[in-house]
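Residue strings, one per chain:
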Amino acid sequence: MKITIEQLEFPLCVKEKITKIPKISRLHLEFINGKNIHFDKTNLSIHEPHKIIISNNLSCLILLIFKNDNNIYIKDSLDTITIKRLETLVLQLIS
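Residues numbered from 1 in each chain as written. Predicted model: local features only at pLDDT ≥ 70, side-chain atom pairs only at ≥ 80, totals over all residues. Heavy atoms only, no water.

### Structural notes on the overall build of the protein chain
- From N to C terminus, the protein chain includes 2 helices and 8 strands.
- In terms of overall dimensions, the protein chain has C-alpha extents of about 50 × 25 × 25 Å along its principal axes.
- A buried classification covers 29% of the 95 residues belonging to the protein chain.
- Looking at the protein chain alone, contacts between residues at least 24 apart form 47% of all its contacts between residues at least 6 apart.
- Per element, the accessible surface of the protein chain, about 6,600 Å² overall, is 52% carbon and sulfur.
- Once the 13 positive and 10 negative side-chain charges of the protein chain are each reduced to a mean point, those two points are 4 Å apart. (Helix = DSSP H or I, 4+ residues; strand = E, 2+ residues; numbered from the N terminus. Buried < 20%, exposed > 50% of the residue type's maximum accessible area, 1.4 Å probe, protein only. Contact = heavy atoms within 4.5 Å. Areas by Shrake-Rupley, 256 points an atom, 1.4 Å probe, with all protein chains shown as cover. Lys, Arg positive; Asp, Glu negative; His and termini not counted. Charge placed at Lys NZ, Arg CZ, Asp CG, Glu CD.)

Laid out in structure tokens, this is it:
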């Protein structure tokens with residue numbers, strides 16, 4: 001079975017909003033592009049979301065952004081998160 005993997009481009013508007021959060025430069029910030037994985041000669045495909053990993057030496061926060069969705073989700077709970085709430089979480093990671 002042949003598999004086709006299409007790399008998706010990370011949404012620039014989200015990247016800009018996150019990098020503008022005050023004091024986020026004190027943390028390790030990683031943006032990982034999402035993927036569309038399609039199994040050739042079938043109607044099956046997997047859509048892997050974009051990931052944002054924000055970490056310090058002790059803890060890590062993983063956020064997900066799905067294709068064609070403007071919401072940001074926390075990985076473990078799949079609750080949507082606003083930029084304001086993310087700012088609060090970043091401050092907690094710094095302290």
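From this point, things continue past the structure.
### Description of the sheet that holds strand 3 (residues 35–39)
- Reading across the sheet, the 3 strands line up as 1-3-4 and stay open at both edges, with antiparallel pairing between neighbours. At either margin of the open sheet sits one strand with a lone partner, and together these are strand 1 (3–7) and strand 4 (45–48). Strand-to-strand twist across the sheet, computed as the mean angle between neighbouring axes with direction ignored, equals 15°.
- Two elements, strand 1 and strand 3, share 5 bridges in a ladder whose sense is antiparallel. Among the inter-strand pairings, I5 is bridged to a residue of strand 3, identified as I37. (Pairing = 2+ DSSP bridges. Axes fitted to C-alpha atoms, helices over the stretch in contact; angles between N-to-C directions.)

### Concerning the sheet that holds strand 7 (residues 72–74)
- Spatially, 5 strands are ordered 2-5-6-7-8 in an open sheet, and the strand pairing comes out antiparallel. Single-partner strands in this sheet number two, and they are strand 2 (28–32) and strand 8 (80–81).
- Sheet analysis places strand 7 next to strand 8, joined by 2 bridges and oriented antiparallel. When the bridges of strand 8 are listed, I72 appears paired with I81.
- Lying on the sheet, helix 1 (residues 12–19) is in contact with strand 2, strand 5 (50–55), strand 6 (60–65) and strand 7; it crosses strand 2 at an angle near 175°.

### Some words on the pairing of strand 4
- Pairing analysis gives 4 bridges linking strand 3 to strand 4, with the strands arranged antiparallel. Along strand 4, the bridge assignment pairs N36 with H47.
- Following strand 3, the chain reverses through 5 residues before pairing antiparallel with strand 4; K41 in that reversal takes a positive phi of roughly 65°.

### Side note on the pairing of strand 5
- Of all 6 residues that make up strand 5, 5 are buried, and the element is covered over most of its length.
- Inspection of the sheet shows strand 2 paired to strand 5 by 5 bridges, in the antiparallel sense. Each residue of the ladder has a partner; that of I32, found in strand 5, is K51.
- Where strand 5 meets strand 6, 6 bridges bridge the pair, whose relative direction is antiparallel. Across the sheet, the residue bridging to K51 is L64, located in strand 6.
- Connecting strand 5 to the antiparallel partner strand 6 that follows it, the hairpin turn spans 4 residues.

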